[in-house]
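# Close look at the chain arrangement
Take a look at the letters that make up each chain.
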Amino acid sequence: GGEVEAVDLEELLKERDACGVGFIASLKHERSHETVSKSLRALGCMEHRGACSADNVSGDGAGVMTEVPWKLLQRDLPELQEGRCGVGMVFLPDADAAAAACITAVEQAAADEGLEVLGWRDVPVDASVPGRMAAATQPRMRQVFVRGAEEGDALERKLFLLRKLIEARVAQAGLGERAEEFYICSLSGRTVVYKGMLMSSALGAFYLDLQDEDFETTFCIYHRRFSTNTNPKWPLAQPMRFLGHNGEINTLQGNLNWVFSREGSLTHPVWQGREADFGNICSPAASDSANLDRLAELMVRSGHSPEKTMMVLVPEAYRNHPDLSRDTPEVEDFYEFFEGFQEGWDGPALLVFSDGKKVGARLDRNGLRPARFWQTQDGYIYVASEVGVLGDVMEAAPGVVAKGRLGPGQMLLADLEAGTFSQNTEIASRVAREEDYGKMAQGTFRRMGTDFGACAYASECAMKPEEALQLQTAFGYGLEDSQLIIETMAAEGREATYCMGDDIPLAVLSDRPHMLYDYFKQRFAQVTNPPIDPLREGLVMSLEMRLGRRGNLLNPGQEVLNQVKLTSPVMIESELAAIKADDRLQAQTFSLQYAHGGLTAALEKLCADVEAAVRAGCEVVVLSDRPEGALDARRPFIPSLLATGAVHHHLINKAIRTDTTLVAETAQCFSTHHVAVLVGYGASAVCPYLGLEAVRQWRASPKTENMVKRGKMADLSLEDCQHNFRSALNKGLMKILSKMGISLLSCYQGAQIFEAYGLGDEVVGTAFKGTVSRVGGLTLDEVAAENEAFWAKAFTGEELKSLEFFGFLQSRPSGEYHGNNPEMAKLMHKSVGLGGGDPSGESFKAYQEHMENKPVAVLRDMLEFKSDRAPVALEEVESASAIVERFCTGGMSLGAISQETHETIAIAMNRLGGKSNSGEGGEDPKRWVALDDVDGDGQSPTFSYLRGLENGDIATSAIKQVASGRFGVTPEFLVNADQLEIKVAQGAKPGEGGQLPGKKVSPYIASLRRSKPGVPLISPPPHHDIYSIEDLAQLIYDLKSANPSAEVSVKLVSEVGVGVIASGVVKGHADHVLISGHDGGTGASKWTGIKGAGLPWELGLAETHQTLVANGLRGRARLQTDGQLKTGRDIAVAALLGAEEFGFATAPLIAMGCIMMRKCHTNTCPVGIATQDPELRAKFHGKPEHVINYLYMVAEEMRGIMAQLGFRQVDEMVGRADLLEADPEVAAANPKAAQLDLTALLKPAAELRPGCPQRRVEAQDHGLDAALDRALLARSQAALPADGDPAKVAMVYLEEEITNTDRAVGATLSHEVTKLFGAEGLPGGTIHVKFKGHAGQSFGAFTCRGVALELEGDANDYVGKGLSGGQLAVYPPAGSTFAAEDNVLIGNVALYGATGGRAFFSGVAAERFCVRNSGAAAVVEGCGDHGCEYMTGGVAVVLGRTGKNFAAGMSGGEAFVFDADRSFAGRCNPELVDLEAVEGEDDRKLRSLVQQHVRHTGSALGRRLLAAWEEARASFVKVMPRDYKRALAE
């Protein structure tokens, strides 16, 4: 085959989208126009799931796929014959010559294929409909009609080839950029697609055909797009030719590279040798959806059924699936067989698809997109992202025969020809029985661990201690790597935990050599798709890998495969030996040794040698740096990562990559990050032989033996320690995958989910093609020089006593520079007056000098200021007191830091007029009242433990953080905020949740978080109600509804592509966006999180500012940045790069006395800052004035810079990146830094879209004026006396219609009640509203005491989110014919973060019911997967079947589950809970809740259970968390 180009991540990140999607289909094969008009109505009801561009009328895209409307088209063209003809929907360039050239290409290609062109038709449109931006790119729409000799599937194949040939002709027609405007939406004898860059409500108005009564079809797929980018292109709208996709494919870069590298081997007899005409199957310029569509379409056209195609490309999590292995083991065989042919396309997705004969829907393995369906008596199936999109719930109720939802990894299918409707188990089983896949699979792979005998861990050291030490030194191991990383993993089986941030120089700015891995940062999910929770939802994840050649996906089962299945990519020496000895795989080992100075030539030779071996049949290539014999000072080894990447890309380029697999046998791999980078750039397995040897050496050393003897350490065998090391690598690898939302390592392999940071084009082009490296960096020669510098350390001529201390992790004078160091802390303490001295400008000057003379460590150190104007006098510059109002402190939780510290910061920031941040975990109500009892010594009885107080001080945090844990988020907490910050990611560990060790959960902390003292608290990564951009938009709306006067802020972390994400966030109506740097601190995190992910804030801030300006969105939101900001100079750089506000966290802690002991995670902070230990807290000496003095000094330094640059106001500086330039002195002093290119950073945003605002100038329109709560408030005044006098309160009862566009109903009503009456609210049921219809998302969010909401109908996701004392009841409409307990009534994530109240649901809830509930009582009649996840309090009663993984992470509260067939135990996660019988007090509590359930919903199931209670009670199981039970007993 020819040469292939690898895919560029830059190109993929330009478009990110998410959407609303669904279909309507008739099982009776009735063609009607109503199917189209109903679909258009459903699209209009999903407008909130899409976005509008900056002109507010161009949508991001909407479209429909239907049957070809023969009746309509035959009016104009009677000879158009159904079954023998094809219809093409064509977008032509909007220019006469180019359009004519395209038409010629179509007609010539058809003639070549022996197809007759019957004619063309102009598609009638209303040109006044599209918005300004869409109209500018609008193509001409024409339909072409062709007739052939074939019919049925043969005709579809012919039309598929025709389209490919037309595309090739147009590409070669010399049209230049105009060629991109040509696009065939569909070309088929069965289906047609109408789509465009339109708002969903405008699709029918634009295409007049869709209004025509003669447009009849048996089905219609509809799709509405929300893109984070506002550069609308018509072909990007959906549906595509086979499917419509709501979601994000996270593994796209790898999926595309794998497709390109095997295009030559995809063949099938039906194509009769014409596979070469396919051209490129996928394209990096197309969206993720379009690429998945292209591969799926090829499989379907090659004869695979649509349902089988979806099972192969989007496999469900078939491992750990109790129902599958029990009922349909053949499905497991099917998935296992196809793993040898095709990696999954992984990421959150709801896919609807059709080939014209069948219509179906498929949900990804995590179920992270909502999908509901219902079936009616007249034979229609409806599928939608939300219920209520058709509005007529009450009238239609008697006709609905079933309601359900698509669960994780599930599919449903309407077969239009057979008139049947089938669901997941039936479909999967039918497909899996078409062949004997179990037998076929046995012939394609063997298992490591069983088929290769017992491969054991080595039972003794393989080297002498001095040999091992020399080898470790030569390969770049430091003392910390050995003591902190390797030994912790060997002893404990997990990665080490540490704290604070990463404050050493970036690898490319360091004057010390670094391993190549240190130049890569892991990418992570934020907003556009969710991370996965590896702790609690690990059952969807797998680290299994295959060695050996891949099979031909189009025609599987026709060839012999020699694959070997590994349970994890980390191999031990004996396993690798077995693979090398296997005659079927023909493994070959290639040494990576090279002659000093000859790295580039050695790489070229290596690639050529491997290529020759693969062409000769080698299926496993072992790239080895294991030395043969003694080490040679002049012969080092190519870094394993460089070799792996170079060979991987060379083989992709030669289109033979899938004929072999790569194994890295390497000394240079001992951390989870190392394994992840190797696998991400192509390795199928890694054998870390020197890491394993280091573990053995440590265990066998006299020092360790001595510790075991003294009882300081468990007596582990050598084998145990190696097992622990491997197990820690595996766990850490799961965590890294999960940060990006990827579940399968086989999808992560080669997906390059990294950005390079400090590597130049030559290095990236050689081994890491397609990886983004924003600022350039090292050449291959410099990489070789760093590698050779490590090698030289092993040959100094002196005897090596121990490994060198590099200081990359811990701060010591002999090691690497750390930004937060003892000298800096002392100077700051002196300048703010800590320890009794007076604060002085002189000592602040000494602090400034220290900061100016420090080594170059971060990007801003490479910049200097220039100006385009004359300096101004200092007194003309705005005052320091105005500047400090732009300062905020970071989100440090009360729990991570002590109460004294937290309250002192808040008082200081309130005095300044800045803002402090609550962090996660609620807030004590006593902090919301201003002090009036302070004595002459600055002390107050209310805060007796604080010093330096003044009357009028208030300890409230102006910014209240809403994080994934939702601890303590009540209506009262929300009412007391000026800004509500949604924490999507944290700088120190993006993609992970928070962690509070049990010993820090004091009774006080537990009371604020509504949990139990001493029980550790882990927050999940943010995926419960932030699955996607439209879910984040919903959360913003919820919070705005719960406090209309507060701003809503979204916290993101700097990474490549963050600008596009921020655009989506601002389109989702955020008022404020915070971009955090990777170097922020943390109270506790694993090493890999602190070191391995996230970018400097300079890059993220500049990208965000530039992208928002380019998209015309910058004027709608304020931008803030944070990450080790310490000086006025830092602030000035941030302002010029686009920030209006500035966040500080570590520096204020130092100002209050922190001495950087880095003990936060151990609860032993010696100065009482990061501890909950009362004795240590007594040592806290900080006062508000210390923080105030420090921040004023920073502001004064900023004023000096402003005066010098000639600026009077900060506003004038924002976004003026043109006033920064690279400092030539830095480049001269540091050869590595000299290679960096800062143009991306310093691009002036004003040039991207002249005339656009550079800072916030207008308020967001949140659409609250149109909210249903406004009407409810107006009608509830009798219960809401203006003076808040309880005696004047009257009862209110209202009735109201509700639709799916009425969202967060009840939130603003509760806000008004809370404002008047506080946390107490009103007596139960004072305001009672009865609704009829379909409730939109977040029905009953944050409902407070005294408000009762009742709903006859059904509801979408997030019902009762943050329920706080109110009451909810939902039940099906009167006259419904289906059994409520078998049908889905409410959506995903009901009662998320509820803190109190009661909820009754007469029907089934979808996934994640009662997640993070900390106080509500709820009754439901069945629930999906992950029920009661992370629950810490309250009661949940499930009167029917649950999904899998019930009670994962449930540390408090209790649940009662009705388990008549005794199958529940298999679906419950037993890690933290026990199952008990129900008796005594529990019996009374349970019965009472079921009685209330019947009273409020009329539940038929509840009535039946109560009628035979003794019998029923015996079938209930109580789910009881062990820690909670122990805490109750104490």
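The structure reproduced in this document is the subject of the present report.

### Here's the deal with the environment of Phe341
- Topologically, Phe341 is positioned in the loop between helix 12 (329-338) and strand 10 (349-354).
- Looking at Phe341, the relative accessible area reads 0%, which means it is buried.
- Setting aside chain neighbours within four positions, we find Phe341 in contact with Arg262, Arg550, Gly551, Asn552, Leu553, Pro556, Gly557, Glu559 and Leu561.

### Observations regarding the packing of aromatic side chains
- Tallied over the entire structure, the rule returns 46 aromatic pairs.
- With centroids separated by 5.0 Å and ring planes inclined at 85°, the aromatic side chains of Trp271 and Phe278 adopt a geometry described as edge-to-face.
- A residue is classified by how much of its surface remains accessible, and Trp271, at 2% relative accessible area, is buried.
- Both rings, one in Phe1401 and one in Phe1409, keep their centres 6.1 Å apart while their planes meet at 85°; by these two values the pair is edge-to-face.
- Classification of Phe1409 by relative accessible area gives buried; the value is 1%.
- One aromatic cluster is present, built from ring pairs that chain together Phe91, Tyr183, Tyr194, Phe206, Tyr207, Phe215 and Trp234.
- Seen from the ring of Phe967, Arg1009 lies directly overhead, with NZ or CZ sitting 5.1 Å from the centre.
- One cation-aromatic arrangement involves Lys1361 over Tyr1358; the distance from NZ or CZ to the ring centre is 4.4 Å.

### Concerning helix 31 (residues 899-912)
- An ideal rise of 1.5 Å per residue puts 20 Å on 14 residues; helix 31 measures up with 20 Å between its terminal C-alpha atoms.
- Every buried residue of helix 31 is accounted for by Gln899, Glu900, Thr901, His902, Glu903, Thr904, Ile905, Ala906, Ile907, Ala908, Met909 and Leu912.
- Close packing links the buried residues of helix 31 with strand 30 (887-889), helix 33 (1003-1009), helix 39 (1146-1151), helix 40 (1174-1177) and helix 41 (1184-1205).
- Note on helix 31: the residue one or two positions beyond its end, Gly913, has a positive phi of about 85°.

### Considering empty space enclosed by the protein
- Of the volumes computed, that of the largest cavity is approximately 670 Å³.
- Contributing to the lining of the largest cavity are 46 residues, with Gly891, Met892, Gln986, Gly1081 and Thr1082 lying nearest its centre.
- Put simply, the parts of the chain that give the lining of the largest cavity at least two residues each are strand 33 (995-996), strand 39 (1141-1144) and helix 39.
- The element that contributes the greatest number of residues to the lining of the largest cavity is helix 39, accounting for 3 residues.
- As a volume, the second largest cavity reaches approximately 580 Å³.
- Lining the second largest cavity are 32 residues, and of these Asp518, His673, His674, Leu809 and Lys1091 lie nearest its centre.
- When contributions to the lining of the second largest cavity are tallied by element, the ones reaching two or more residues are helix 17 (479-492), strand 19 (520-522), helix 21 (672-680) and helix 36 (1087-1092).

### Regarding the packing of helix 19 (residues 599-615) against helix 27 (residues 780-793)
- Axis separation between helix 19 and helix 27 bottoms out at 9 Å; the angle between their running directions is 100°. Accordingly, the angle class assigned to the pair helix 19 and helix 27 is roughly perpendicular. Here Leu599, Thr600 and Leu603 of helix 19 lie close against helix 27, whose contacting residues are Leu780, Asp781 and Ala784.

### Some details on the sheet that holds strand 48 (residues 1414-1420)
- With mixed pairing, 10 strands are arranged side by side in an open sheet as 41-42-43-44-46-48-49-50-52-51. Sheet topology places strand 41 (1292-1298) and strand 51 (1473-1477) at the edges, where each strand pairs with a single neighbour. For this sheet, the mean inter-axis angle between neighbouring strands, taken without regard to orientation, is 15°.
- The pairing of strand 48 with strand 49 (residues 1432-1438) spans 5 bridges and is parallel. Of the residues in strand 49, the one forming a bridge with Ala1417 is Val1435.

### A look at the pairing of strand 50 (residues 1452-1458)
- For strand 50, the tally of buried residues reaches 6 of 7 residues, placing the bulk of the element in the interior.
- Where strand 49 meets strand 50, 5 bridges bridge the pair, whose relative direction is parallel. Looking at strand 50, one finds that Ala1436 is bridged to Ala1455.
- The sheet contact formed by strand 50 and strand 52 (residues 1516-1521) spans 4 bridges and is antiparallel. Residue pairing in the sheet places Phe1456 in a bridge with Lys1518 of strand 52.

### Thoughts on the sheet that holds strand 17 (residues 445-447)
- Across the sheet, which stays open at both edges, the 3 strands sit in the order 17-21-20 with mixed pairing between neighbours. One side of each edge strand has no neighbouring strand; the edge strands of this open sheet are strand 17 and strand 20 (545-547). The sheet shows a mean angle of 30° between the axes of neighbouring strands, taken without regard to direction.
- Strand direction decides the pairing type here: strand 17 and strand 21 (residues 563-566), joined by 3 bridges, are parallel.

### Re the pattern of salt bridges
- Under the definition given, this model contains 104 salt bridges.
- Note that Glu950 and Arg911 form a salt bridge whose closest N and O atoms lie 3.3 Å from each other. Taken together, the positions of Glu950 in the loop between helix 31 and strand 31 (959-962) and Arg911 in helix 31 put the pair 39 residues apart, joining distant regions of the chain.
- Between Asp1038 and Lys1361 there is a salt bridge, with the nearest N and O atoms lying 2.6 Å from each other. In this pair, Asp1038 is assigned in helix 34 (residues 1029-1042) and Lys1361 in the loop between strand 43 (1347-1355) and strand 44 (1364-1371), connecting sequence segments 323 residues apart.

### Considering the environment of Gln1124
- Counting through the fold element by element, Gln1124 comes out in the loop between strand 38 (1118-1122) and helix 38 (1128-1136).
- As for Gln1124 and His1311, which are separated by 187 residues in sequence, their C-alpha atoms are 37 Å apart.
- If near-sequence neighbours (up to four positions away) are discounted, Gln1124 is found in contact with Asn820, Arg860, Asp1079, Asp1130 and Thr1146.
- Separated by 3.1 Å, the side chains of Gln1124 and Asn820 make a polar contact.

### Some thoughts on the packing of helix 4 (residues 96-112) against helix 6 (residues 152-171)
- Where helix 4 contacts helix 6, the axes come no closer than 9 Å and their chain directions differ by 135°. The angle between the axes of helix 4 and helix 6 places the two elements in the oblique class. Crossing handedness for the pair helix 4 and helix 6: right-handed. Two secondary-structure elements touch here, helix 4 through Cys102, Ala105, Val106, Gln108, Ala109, Ala110 and Asp112 and helix 6 through Leu162, Leu165, Ile166, Arg169 and Val170.
- Split by residue class, the contact of helix 4 with helix 6 holds 9 nonpolar, 1 polar and 2 charged.

Reading guide: rules and limits
Residues numbered from 1 in each chain as written. Predicted model: local features only at pLDDT ≥ 70, side-chain atom pairs only at ≥ 80, totals over all residues. Heavy atoms only, no water. Helix = DSSP H or I, 4+ residues; strand = E, 2+ residues; numbered from the N terminus. Buried < 20%, exposed > 50% of the residue type's maximum accessible area, 1.4 Å probe, protein only. Contact = heavy atoms within 4.5 Å. Phe/Tyr/Trp six-rings, centres within 6.5 Å; stacked < 30°, edge-to-face > 60°. Lys NZ or Arg CZ within 6 Å of the ring centre and 35° of its normal. Expected span 1.5 Å × (residues − 1). 1 Å grid on protein atoms, 1.4 Å probe; cavity = no way out; pocket = protein on both sides within 12 Å on 5 of 7 lines; lining within 4 Å. Points joined across faces, edges and corners; volume = space filled by probe spheres on them. Axes fitted to C-alpha atoms, helices over the stretch in contact; angles between N-to-C directions. Parallel < 35°, antiparallel > 145°, perpendicular 65-115°, else oblique. Pairing = 2+ DSSP bridges. Salt bridge = Lys/Arg side-chain N within 4 Å of Asp/Glu carboxyl O. Polar contact = N/O pair within 3.5 Å; in protein donor to acceptor, adjacent residues only side chain to side chain. Left-handed = near helix turned anticlockwise from the far one by under 90°. Nonpolar A, V, L, I, M, F, W, Y, C, P; charged D, E, K, R; others polar.

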